[in-house]
Amino acid sequence: MKEINVRKLTNQKFKKHLSYSFAYGAFFAFIVISCFVLAFFLPFTLFITIPIIIIPFAFAFQYITSMDNNIPVENNSFSLKKFFVVARGYFTPQMFGVYRLLEGLLKSIGIFFGVYLFSGLVLIETIAMNDPEILSLISSIENMTDMANIENEIINVVMQNETVNNCLYIALAIAIFPALLMFLHHIGTHSIKIHLSVASLQKMPMREVHFVHRLGFPTFRKQFYKDYYKTVWWFIPSMTILYYSGMTLSYFFLYKTPFEMGIVGGALVLLFLSFAAPYYFSCIETLFFKYQTNYIKASISQSVKTLNELKAQKQMSEEEAEELEQYINQTNELLEKNQKEEDEEQKNSDNSEP
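Calculation rules
Residues numbered from 1 in each chain as written. Predicted model: local features only at pLDDT ≥ 70, side-chain atom pairs only at ≥ 80, totals over all residues. Heavy atoms only, no water. Helix = DSSP H or I, 4+ residues; strand = E, 2+ residues; numbered from the N terminus. Buried < 20%, exposed > 50% of the residue type's maximum accessible area, 1.4 Å probe, protein only. Contact = heavy atoms within 4.5 Å. Areas by Shrake-Rupley, 256 points an atom, 1.4 Å probe, with all protein chains shown as cover. Patch = residues over 30% accessible without salt bridge, like charges linked within 9 Å, V, L, I, M, F, W, Y side chains within 5 Å. Salt bridge = Lys/Arg side-chain N within 4 Å of Asp/Glu carboxyl O. pLDDT = per-residue confidence, 0-100. Phe/Tyr/Trp six-rings, centres within 6.5 Å; stacked < 30°, edge-to-face > 60°. Expected span 1.5 Å × (residues − 1). Axes fitted to C-alpha atoms, helices over the stretch in contact; angles between N-to-C directions. Parallel < 35°, antiparallel > 145°, perpendicular 65-115°, else oblique. Left-handed = near helix turned anticlockwise from the far one by under 90°.

Time to look at the overall build of the protein. Counting its secondary structure elements, the protein contains 14 helices and 0 strands. Of the regular secondary structure in the protein, the N- to C-terminal order runs α-α-α-α-α-α-α-α-α-α-α-α-α-α. Counting all 354 residues of the protein, 42% fall into the buried class. Once local pairs closer than 6 in sequence are excluded, the contacts in the protein between residues at least 24 apart make up 79%. Summed over all atoms, the accessible surface of the protein reaches about 19700 Å², with 63% contributed by carbon and sulfur.

Here's what the structure looks like:
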């Protein structure tokens, strides 16, 4: 494992390409705003625009700004053509599915309902302590005897009470943001696999990249998150303030329904991320640079295991065996190269100390 200061190196990379990254950020912000404006009139379009437009361009944004961090600033230039070409690259077998969107969506839905139910119950119970009408409502629900229609009865009783309705609206507004935060966190941390795919000696399909990630990531998970949150912790309070500020502005000046208020708050968060994302991408790139040796070791271990198993079962031709052995040898050479670089960095670090 390379001994590097992730936050310090992330700051250096971000500042070095700041104006160049902001150009792509401005165009990505235009895409995000366009999709959310459309969602105001046709809310269901978010289910189409997020996976088909926003995610591919987010991939292109990360890929371009991260990979170009290693190119001299004077050789970098904003190119819409490159942006669109790389966005199409998201749908190739090597990259499609890198963010595990469905998995992230299911996690977000779980968080949403958990927070919604908890905050709704807390709000109702808190108000009930000083509101006889709510206590009477709760008592009437507890005394219902028609078990066949109890769900419909509860809904009818609740919907007729304005105070309870307001509590549920507030709970809904509260629950949207943690779900959004979980979704962004999920796709953000999984984006390290973009670098894993690019760094692989063979063009592995994304299912194999997922497999290597699943093997390698647990070996450095704890230290990864320590470096990760130490570097990007300020994203959380920034997004929290922007989201609830957007909801408040929407309530007083635009729309009052929780869904539409959530769209306004979510749009402000994504607008912020459009310009702060290059810093985040630099952090992910630096984290991969620090921990890539763990992935290489996991890849070698699994390749050797697969080779031995297939040889024993005689399910591999000589050509396939030679190809896999060549890959293992190349990966071992890459591991040795990385180890030499780490030793050299450590040596230089020791020499620089007084």
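There is more to say, and it comes next.
A few words on a nonpolar patch on the surface. Side chains of I33, V37, L38, F41, L42, F44, F47, I48, I52, I53, F91 and F96 sit close together on the surface and give an oily, nonpolar patch of about 1200 Å² of accessible area. Every element with two or more residues in the nonpolar patch is listed here: α2 (18-41) and α3 (46-67). In this structure, F96 sits in the loop between α4 (80-89) and α5 (101-128). Take F96: its relative accessible area is 48%, and that puts it in the partly exposed class.

Before going further, it helps to spend a moment on the confidence of the model for the protein. Segments scoring low in pLDDT should not have their predicted coordinates read at a detailed level. For the protein, the mean per-residue pLDDT works out to 78, and 71% of the residues sit at or above 70. Of all helices and strands in the protein, the one with the weakest mean pLDDT is helix α7 (residues 150-159) (60), whereas helix α11 (residues 221-232) scores best (92). Ignoring residues within four places in sequence, the model shows residues 349-354, a span with pLDDT below 50, making 0 contacts including any to other chains.

Let us look at the packing of aromatic side chains. Note on aromatic pairs: each is described by the distance of the centres and the angle between the planes. Scanning the model with the defined rule gives 40 aromatic pairs in all. Between the aromatic rings of F57 and F84, the centroid separation amounts to 5.2 Å while the plane-to-plane angle is 85 degrees, which identifies the pairing as edge-to-face. One end of the pair, F57, is in helix α3; the other, F84, is in helix α4, and 27 residues separate them in sequence. Residue F57 is classed as buried on the basis of its relative accessible area, which comes to 11%. Its relative accessible area of 38% is what places F84 among the partly exposed residues. Ring plane angle 25 degrees and centroid distance 6.0 Å describe the contact between F91 and F96, whose orientation is recorded as stacked.

Every α-helix carries 3.6 residues per turn, so stepping three or four residues along brings you back to the same face. Helix length check: α5, at 28 residues, gives a terminal C-alpha distance of 40 Å against a target of 40 Å (1.5 Å per residue), a fit within 8%. By the burial criterion, the buried members of α5 are G104, S108, F112, S119, G120, I124 and A128.

Relative to each other, α3 and helix α9 (residues 192-199) sit at 60 degrees, their axes nearing to 11 Å. Taken together, the axis directions place α3 and α9 in an arrangement best described as oblique. The crossing of α3 and α9 is right-handed. Along the contact surface, α3 presents F59, Q62, Y63, S66 and M67, while α9 presents I194, H195 and V198.

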